[in-house]
Structures are given as C-alpha cells and as structure tokens.
Amino acid sequence: MPVASSQLTDAQKTNHRAMFETSFAAAMANQGWRDLVTPVPTEDETVTYHWFGTTPTMQDVDTTGAVIYEDLSKFSFSLTNVLYKGGIRVERRALEYDRLNLIQPRINQLGMEAAAHTGRLVGNLLETPGNAYNGTAFFSDSHTIGSASIDNEVEVTSAAAVPTVIEAQSYIRQAMARMASFQDDKGRTMGLTPDTIVVPRDVAQVYWQAAGVGTVQIAGGGSAEDIGPILPPSDNNMLRVGPWRIWICDQLTDVNDVYFLYTRGPARPFIWQVKQSPQLEIVSDPNSQVAIEEDQFIYSVRKLESVGVTEPTYAVKVVDAGS
C-alpha cells in the first residue's frame, strides 16, 4: 500500500484535475441552456451594460445631405459576479489503496454539476427575473422602451388544472402574435418570432404534442389529447419539435406559467457573465490539518459568474389568470 506522500498526491492532483476538466467539457457540450444565453467573459467584478437599444434607421443622405448620428441607448444595468463553490471529502486511505474506481465517479459528478448549475441559475431567472434595464419588471404589461409600449405577459384562463393540447396550441399562437407585435425603442415593428418554449416538467408532454403532432383522433370519433408520441429521452432537457425547441425546466414551480423566447438575434434573452470558469481545487497535502485530524482530503469546485436578463422583447410569459 503506497503512503500518501506529497509526491504521490501531487501526481494524483494532476490526474484528477484532468478527469474533472474532461467531465466538465463533455457536460458543457450537452447543455441546452447555452442556446438561451449570451456568454460575456469579463475581468471585472461588476460589469455595466449600456448597449441595449436598436440601431438607427438607414438615412437617405442624398436628400438630407448629412447623416444624423444617434447616441447609445440611455438604458443600462449592472451584473456583479457571484462566487460559487461545492465539493466533497475523500478518505485519505482511498488514495493510499489506489481506489480510483471510488473517486473518479465523484470527480466526474463534480464536473457535471458545475456545468448544470448555470442552467439552474438561468431557470430561476424565469420566475424571479427582477427588473429589466428600463427599471420595469422583466415580465410586465407596461414596459416603456423609447417610443414603444411593450406587454410581454399574456393572460389566459385554462379550463383545467393543467392545460390541454388544444389550449396549449392557443397559447402558442397568442405568444407568437404578441411577440410579433413588439416595437423597438424607435417605434419600428420588430417582427420577432419565438423559437423556444420553456415549460415545467408536468406539462412538457402537452406542449410537445401541441408544438408537434397536436391531437390524435380515436377510431370512431372523439379526441384523445393524452394519446400521442411519448417524450424522447434527453440528457439536457432540451427537445426539438419541428422548428421549436422545448426546454423542460425543473426550476419552474407553477404548471400554468410557460415562457416563449427568441434566441436567434444578436443577443439572447439572458446574459451569462463569466469571470472564472469552474476549477477543481484539491487539498491533499498529507501535512494539512484536514488530512492529519480527519484523515481526509478535500475536492472543491470554484467559479465566479453571474446571470441576468436582457431584452424584454425577447421573452413572453403566458400566465393562467385563473390559477
């Protein structure tokens, strides 16, 4: 049995960090939430964003004789990075007995958790997004953006505790029509169309059918809305149905609230601000206090990041007014 010397633990650190980085990279490549965010690397603790607002209209310079240049939008907001950490304890003897089969799965899990954690932060933003850059609640019926008035909440009333497929199809049409009507800060119709539906898990099957095959008729007549294709398995909860993406978000607690997002523009509905990507920190010095007193080593993941909302015109919330 090898003794957990500094030379041995240093070599194991290198191997374990490589395991973590491989696991994290593989998990990140399969994260559906990444399609919903604009990643912003930063070296600052707090970043202020001034770039919201649309570009000016092209001008007929032959007629006007000069271009009238416009300032950036007056709107801005700031995001401050947050320190996140999480880790495990490993028995020193597990390393001394070279029981890597016991340690490697836990290290892989740390990498997977580091990747999935940001997605949960994004999911939480849907129910608690705070204010948009104009100082109004992100989902509101009274946004004032330049010369435009925006209402990105659609109130509906479902006949049941959970919407039917037919109702869900109606909600999709209403959300599309609402987003298509949005104007930019200069009063121009933007003509946006949502491409992603974010749903609680309990209504995922309903919206999967509503966005895809719709209802199914039973032989002899009658509509069987609960009969249809079963949701396919997905490791990242992001499903594709024709032109739609459906993100099953386990952070959503109200089955009557569904969100429609536009993600094909120069910016996405959410910002993912990153100061430090997840790093595996290991305390495996045999002379450390935790090794001597508790006969354990520590594996901890550390990252600095923040998430926030961007354009309210990129999101529509469907709310059941009767719930």
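Counting of residues starts from 1 at the beginning of each chain's written sequence and follows it residue by residue. Where totals are concerned, whole chains, interfaces and linings use all residues; where local detail is concerned, this predicted model gives features only for residues with pLDDT of at least 70, and gives and counts side-chain atom pairs only at 80 or more. Heavy atoms throughout the structure, all of them, feed into the side-chain values; hydrogens and water do not.

A. Quick look at the packing of aromatic side chains. Whether two aromatic rings pair depends on their centres lying within 6.5 Å, for rings of Phe, Tyr and Trp, where Trp uses its six-membered ring; planes under 30 degrees apart make the pair stacked, over 60 edge-to-face, and the rest tilted. Enumeration over the complete set of coordinates arrives at seven aromatic pairs. Between Phe-20 and Phe-24 the ring centres are 6.2 Å apart and the planes differ by 5 degrees, which places this aromatic pair in the stacked class. A residue pair is termed a helical-turn pair when its members lie 3 or 4 positions apart in one helix, as Phe-20 and Phe-24 do in helix 1 (residues 6-28) at four residues. Judged by its relative accessible area of 16%, Phe-24 falls in the buried class. With 5.0 Å between their ring centres and 80 degrees between their planes, Phe-138 and Phe-139 make a pair best called edge-to-face. Here a set of aromatic residues connected by ring pairs shows up, and it is made of Phe-138, Phe-139 and Tyr-259. Only lysine NZ and arginine CZ atoms are considered, and such an atom sits over a ring when it is within 6 Å of the ring centre and within 35 degrees of the ring normal. When the ring centre of Tyr-84 is taken as reference, the NZ or CZ atom of Lys-303 above it lies at 5.9 Å. Helix and strand definitions here come from DSSP, where helices need a minimum of 4 consecutive H or I residues and strands a minimum of 2 consecutive E residues; each element is numbered from the N-terminal end. Between buried and exposed lies partly exposed: a residue is buried under 20% and exposed over 50% of the maximum accessible area for its type, with that area taken using a 1.4 Å probe on protein chains only.

B. Expanded view of the environment of Ala-66. With respect to the helices and strands, the residue Ala-66 is situated in the loop between helix 2 (61-64) and strand 3 (77-80). Using a relative accessible area of 42% as the deciding quantity, one classes Ala-66 as partly exposed. In this view, Ala-66 contacts Gln-59 and Val-61; residues no more than four positions away in its chain are not counted. Working rule for contacts: check all heavy atoms of both residues, and any pair within 4.5 Å makes them a contact.

C. Molecular detail of the side chain of Ser-23. Tracing the chain through its elements places Ser-23 in helix 1. When neighbours within four sequence positions are excluded, Ser-23 is seen to be in contact with Asn-108, Gly-111 and Met-112.

D. Summary view of the confidence of the model for the chain. Note: pLDDT gives the predictor's confidence per residue, expressed from 0 to 100. For the chain, the mean per-residue pLDDT works out to 85, and 87% of the residues sit at or above 70. Mean pLDDT across the secondary structure elements of the chain bottoms out at strand 9 (residues 216-217), with 50, and peaks at strand 13 (residues 258-261), with 98.

E. Spatial organisation of the pattern of salt bridges. Criterion for a salt bridge: a side-chain nitrogen of Lys or Arg within 4 Å of a carboxyl oxygen of Asp or Glu. According to the stated counting rule, one finds 14 salt bridges in the structure shown. When the shortest N-O distance is used, the salt bridge between Arg-245 and Asp-35 registers 3.4 Å. Taken together, the residues span a long stretch of sequence, with Arg-245 in strand 12 (residues 244-248) and Asp-35 in the loop between helix 1 and strand 1 (37-41) at a distance of 210 residues. With a relative accessible area of 9%, Arg-245 lands in the buried category. In this structure, Lys-317 and Asp-257 form a salt bridge, with 3.9 Å as the shortest nitrogen-oxygen distance. With Lys-317 in strand 16 (residues 315-320) and Asp-257 in the loop between strand 12 and strand 13, this residue pair connects regions lying 60 residues apart in the sequence. Accessibility assignment for this pair places Lys-317 and Asp-257 in one class, buried.

F. Here's a closer look at the sheet that holds strand 14 (residues 270-283). Read from one edge to the other, the open sheet built from four strands follows the order 1-14-15-4, with strand pairing classed as mixed. Looking at strand neighbours, the two that pair on one side only are strand 1 and strand 4 (82-91), the edges of this open sheet. Neighbour-to-neighbour, the strand axes of the sheet open up by a mean angle of 30 degrees, direction not taken into account. Pairing between strands requires that DSSP locate at least two bridges from one strand to the other. Looking at chain direction, strand 1 and strand 14 are connected through five bridges and run parallel. If you follow Pro-41 over to strand 14, its bridge partner there is Val-274. A fitted line through C-alpha atoms serves as each axis, taken over the contacting stretch for helices, and the angle formed by two N-to-C directions is quoted from 0 to 180°.

G. Main features of the sheet that holds strand 16. Strand order in this open sheet of six strands is 7-16-13-8-12-11, and the pairing throughout is mixed. At either margin of the open sheet sits one strand with a lone partner, and together these are strand 7 (153-156) and strand 11 (238-241). For this sheet the average axis-to-axis angle between neighbouring strands, irrespective of direction, equals 20 degrees. Bridge count between strand 8 (residues 196-199) and strand 12: four bridges; the pairing is parallel. Paired with Thr-196 across the bridge in strand 12 is Arg-245. The strands that helix 5 (residues 165-180) touches are strand 7, strand 8, strand 12, strand 13 and strand 16; relative to strand 16, the one it contacts most, it runs at about 140 degrees. Seen against the sheet, helix 6 (residues 204-211) touches strand 8, strand 11, strand 12 and strand 13 and runs at an angle of roughly 180 degrees to strand 12.

H. Summary view of helix 6. Most of helix 6 is tucked away, with seven of its eight residues classed as buried. Within the span of helix 6, buried status applies to Ala-204, Val-206, Tyr-207, Trp-208, Gln-209, Ala-210 and Ala-211.

I. Representation of the packing of helix 5 against helix 6 in the model. Closest axis-to-axis distance for the helix 5/helix 6 pair is 8 Å, and the angle between their directions is 65 degrees. It follows from the interaxial angle that helix 5 and helix 6 lie roughly perpendicular. With respect to the hand of their crossing, helix 5 and helix 6 are arranged in right-handed fashion. Taking contact as the criterion, the partners of Val-165, Ala-168, Gln-169, Tyr-171 and Ile-172 in helix 5 are, on helix 6, Val-206, Tyr-207, Gln-209, Ala-210 and Ala-211. Tallied by class, residues from the contact of helix 5 with helix 6 come to eight nonpolar, two polar and no charged. Working definition: roughly parallel below 35 degrees, roughly antiparallel above 145 degrees, roughly perpendicular at 65 to 115 degrees, and oblique for all remaining angles. The handedness criterion is simple: a crossing whose near helix is rotated anticlockwise from the far helix by less than a right angle is left-handed, and one whose near helix is rotated clockwise is right-handed. Residues are grouped as follows: nonpolar covers Ala, Val, Leu, Ile, Met, Phe, Trp, Tyr, Cys and Pro; charged covers Asp, Glu, Lys and Arg; every other residue, Gly included, is treated as polar.

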